Amino acid sequence: MIHAFASLRASLQRLGPLALIPLLVTLSSATLAQQPADMPPTPVIGAEVSRKAWSDPLESLGTLAANESVTLSATVTDTVSAINFEGGERVKRGEVLVELSDAEEQAALREAQALRVERQNAVDRLSQLQSRNLAPRADVEDSRAQLQQVDATLQGLRARLENYRVKAPFDGVVGVRDISVGTLVTPGTELVTLDDVSRMKLDFEIPEVQLGSLTEGLAVTATTAAYPDRVFEGDVGTIDSRVDPVSRSIAVRALIDNPDQRLRPGMLMRVTIARRPRQALVIPESAVVPEGQRQRVWVITSREDGSVERRDISVGERRRGEVEVTEGLTAGELVVSHGADRLHAASRVRLIGIEDDSTSVSEILRANRQGDDA
């Protein structure tokens, strides 16, 4: 025995220190594999490999704009005679918002209407005379031409009168009122703002290198500091046709429905684009055990006897608390999400709970403590 040990020591000295590493690993593995059979199982929390909707997020900052927005201005010079809004209320298309004094135009309209009656009577008389060959045909035609001239004048007066009634061009919300009755306005004077906020435009920019993964119709989520607990959903509506040569970015516009009118033009929003939408296998990020360049998980192969196996996997993208698995697992398998740091090749486990969207780890631990106390 002594001679054999001396021979082994001499052989190891000739091989050098590096030769000890495989031997130590072998001895360690053999030691772990020979754990006592009566060792109590290790309590763990599991998670099921599930198939979920997945995408590669791309984040940016954007600014909201109304679906339609306009500042209504005066086109004539006169005084404000009536204001039919207070500010902030919804109005319908065609509603008169501001009325300007039109006394002179109304007088001109009445004068033209009286002249038209006169011209019409002249046409009627000459037509009767011409039917009895008592009036030349040329006089009848001249009279009708004069009637058409009056009709054109009336049409122009009615069109000018429309300029004295400022109407809403679409359904929307009016802004703050900054004018009063009696104010003298001139062409270009701003009277009221009108915004259609039933649907909002969210404008933002993305880097040029991400253009290949962006298409119209991709789902978009957005948040704002004004409503920290609310996530607004929309989709990509327009991608600009040009890349900015200075910033090397491209402008993108998303459309977000705003039925409750919480969003306002000019708000800053953090937007996330869901690129390459797909169905993926997903596990909790806590279940992944990195070992060098490898990514591994502990798979519970049998709930009855608590047997587990360590398995190499390939991971894809990550998001908060979750990781995409591209190889190594199948849907429905059960992995160890908490307690994997205490496992080895000979371990047996006791499953104390399964975490999912409706059951958290803290709830499982609390229920387990209550069961032990009972």
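In this text, all values refer to a predicted model and were calculated from it rather than measured experimentally. (Residues numbered from 1 in each chain as written. Predicted model: local features only at pLDDT ≥ 70, side-chain atom pairs only at ≥ 80, totals over all residues. Heavy atoms only, no water.)

## Re the overall build of the protein chain
Formally: In this text, helices come from DSSP runs of H or I with a minimum length of four residues, and strands from runs of E with a minimum of two, each type numbered from the N-terminal end. We call a residue buried when its accessible area falls under 20% of the maximum for its residue type, exposed when it is over 50%, and partly exposed in between, using a 1.4 Å probe and counting protein chains only. We call two residues in contact whenever any of their non-hydrogen atoms come within 4.5 Å of each other. In short, Shrake-Rupley with a 1.4 Å probe defines the accessible areas, and a residue's cover is counted only from the protein chains shown.
From N to C terminus, the protein chain includes five helices and 19 strands. Counting the 374 residues in the protein chain, one finds 32% classified as buried. Intrachain contacts of the protein chain at a sequence separation of at least 6 include 74% that bridge at least 24 residues. Summing over all exposed atoms, the protein chain offers an accessible surface of approximately 22,800 Å²; the carbon and sulfur share of this is 50%.

## Topic: helix H4 (residues 137-162)
Basically, it comes down to this: For a helix, the expected span equals 1.5 Å multiplied by the residue count minus one.
Its 26 residues place the ends of H4 38 Å apart at the C-alpha level, agreeing with the 38 Å of an ideal helix rising 1.5 Å per residue. In this structure, the buried side of H4 is in contact with helix H3 (103-131) and strand E6 (165-167).

## Re the environment of Pro 277
By secondary structure assignment, the location of Pro 277 is in strand E13 (residues 268-284). On a C-alpha basis, the gap between Pro 277 and Ser 55 in space is 4.4 Å, while along the polypeptide they are 222 residues apart. In contact with Pro 277, not counting residues within four places along its chain, are Trp 54, Ser 55 and Leu 218.

## Observations regarding the sheet that holds strand E8 (residues 184-185)
We apply this condition: Think of it this way: DSSP has to see at least two bridges between two strands before they count as a pair.
As summarised here, the arrangement of the four strands in space is E6-E5-E3-E8, forming an open sheet in which the pairing is antiparallel. Across the chains shown, the open sheet's two edge strands, defined by having one partner strand only, are E6 and E8. The sheet contact formed by strand E3 (residues 78-83) and E8 spans two bridges and is antiparallel. Within the sheet, the bridge partner assigned to Asp 78 lies in E8 and is Val 185.

## Concerning the pattern of salt bridges
Heads up, the condition is: Put simply, a salt bridge is a Lys or Arg side-chain nitrogen that is within 4 Å of an Asp or Glu carboxyl oxygen.
Scanning the entire structure with this criterion turns up 23 salt bridges. Close ionic contact of Glu 105 with Arg 160 constitutes a salt bridge, the shortest N to O distance being 3.6 Å. Of this pair, Glu 105 sits in helix H3 while Arg 160 sits in helix H4, and the two are 55 residues apart along the sequence. Connected via shared salt-bridge partners are Lys 52, Arg 319, Glu 322 and Asp 357.

## So, the confidence of the model for the protein chain
Put simply, the rule reads: Confidence scores per residue from the predictor, reported as pLDDT, run from 0 to 100.
For the protein chain, per-residue confidence averages 86 on the pLDDT scale, and 89% of positions sit at 70 or higher. When mean pLDDT is taken per element in the protein chain, strand E12 (residues 249-257) scores highest with 96 and helix H2 (residues 20-33) scores lowest with 40. For residues 17-34, every residue scores under 50 in pLDDT, and the model assigns this stretch four contacts once sequence neighbours within four places are set aside.

## Section: the pairing of strand E15 (residues 294-300)
Burial within E15 is extensive, with six of its seven residues counted as buried. As defined by bridge partners, strand E14 (residues 289-291) adjoins E15 across three bridges and the pair is classed as antiparallel. Looking across to E15, one finds that Glu 291 is bridged to Arg 294. Pairing analysis gives six bridges linking E15 to strand E16 (residues 308-319), with the strands arranged antiparallel.

## Some remarks on the packing of aromatic side chains
Selection rule: Any two of the Phe, Tyr and Trp rings considered here, Trp counted by its six-membered ring, make a pair once their centres fall within 6.5 Å; the pair's planes then place it as stacked at under 30 degrees, edge-to-face at over 60, or tilted in between. For a lysine, the NZ atom is tested; for an arginine, the CZ atom; a charge sits over a ring if that atom is within 6 Å of the ring centre and within 35 degrees of the ring normal.
A full pass over the atoms with the stated rule returns one aromatic pair. Relative to Phe 232, the ring of Tyr 227 lies with its centre 6.3 Å away and its plane at 65°, an arrangement referred to as edge-to-face. The buried category is assigned to Phe 232, whose relative accessible area is 3%. Between Arg 262 and the ring centre of Tyr 227, over which it is positioned, the NZ or CZ distance is 5.4 Å.

## A word on the environment of Arg 276
Threshold: Any N or O atom pair separated by 3.5 Å or less is treated as a polar contact, with the protein-specific requirement of one donor-capable and one acceptor-capable atom, and with residues adjacent in sequence counted only for side-chain atom pairs.
Note on placement: Arg 276 falls in strand E13. Its relative accessible area of 45% is what places Arg 276 among the partly exposed residues. Once the C-alpha coordinates of Arg 276 and Ser 213 are considered, the two residues, 63 residues apart in sequence, prove to be 7.1 Å apart. Ignoring any residue separated from it by four or fewer positions in sequence, one finds Arg 276 in contact with Trp 54, Ser 55, Asp 56 and Ser 213. At 2.8 Å, the side chain of Arg 276 and the side chain of Asp 56 are in polar contact.

## Describing H3
Across its 29 residues, H3 extends 42 Å between first and last C-alpha, which sits within 8% of the 42 Å expected from 1.5 Å per residue. Once H3 ends, the next one or two residues include Asn 133, with phi positive near 60°.

## Points about the nonpolar core
Rule in force here: The nonpolar core is taken to be a set of buried Ala, Val, Leu, Ile, Met, Phe, Trp, Tyr and Cys residues, with the residues joined through side-chain atoms within 4.5 Å.
One finds Leu 202, Phe 204, Ile 206, Leu 263 and Ile 273 to be the most contacted residues of the largest nonpolar core, which totals 24 residues. Elements with a minimum of two residues in this core: strand E2 (50-73), strand E9 (190-207), strand E10 (219-224), strand E11 (227-244), E12 and E13. No other element matches E9, which puts five residues into this core. Here Phe 204 is in contact with Ser 60, Leu 61, Gly 62, Ile 250, Ala 251, Val 252, Ala 254, Val 271 and Ile 273, once residues within four sequence places are set aside. Among the nonpolar cores identified, the runner-up in size contains 20 residues, and Tyr 164, Val 174, Ile 179 and Leu 191 belong to it.

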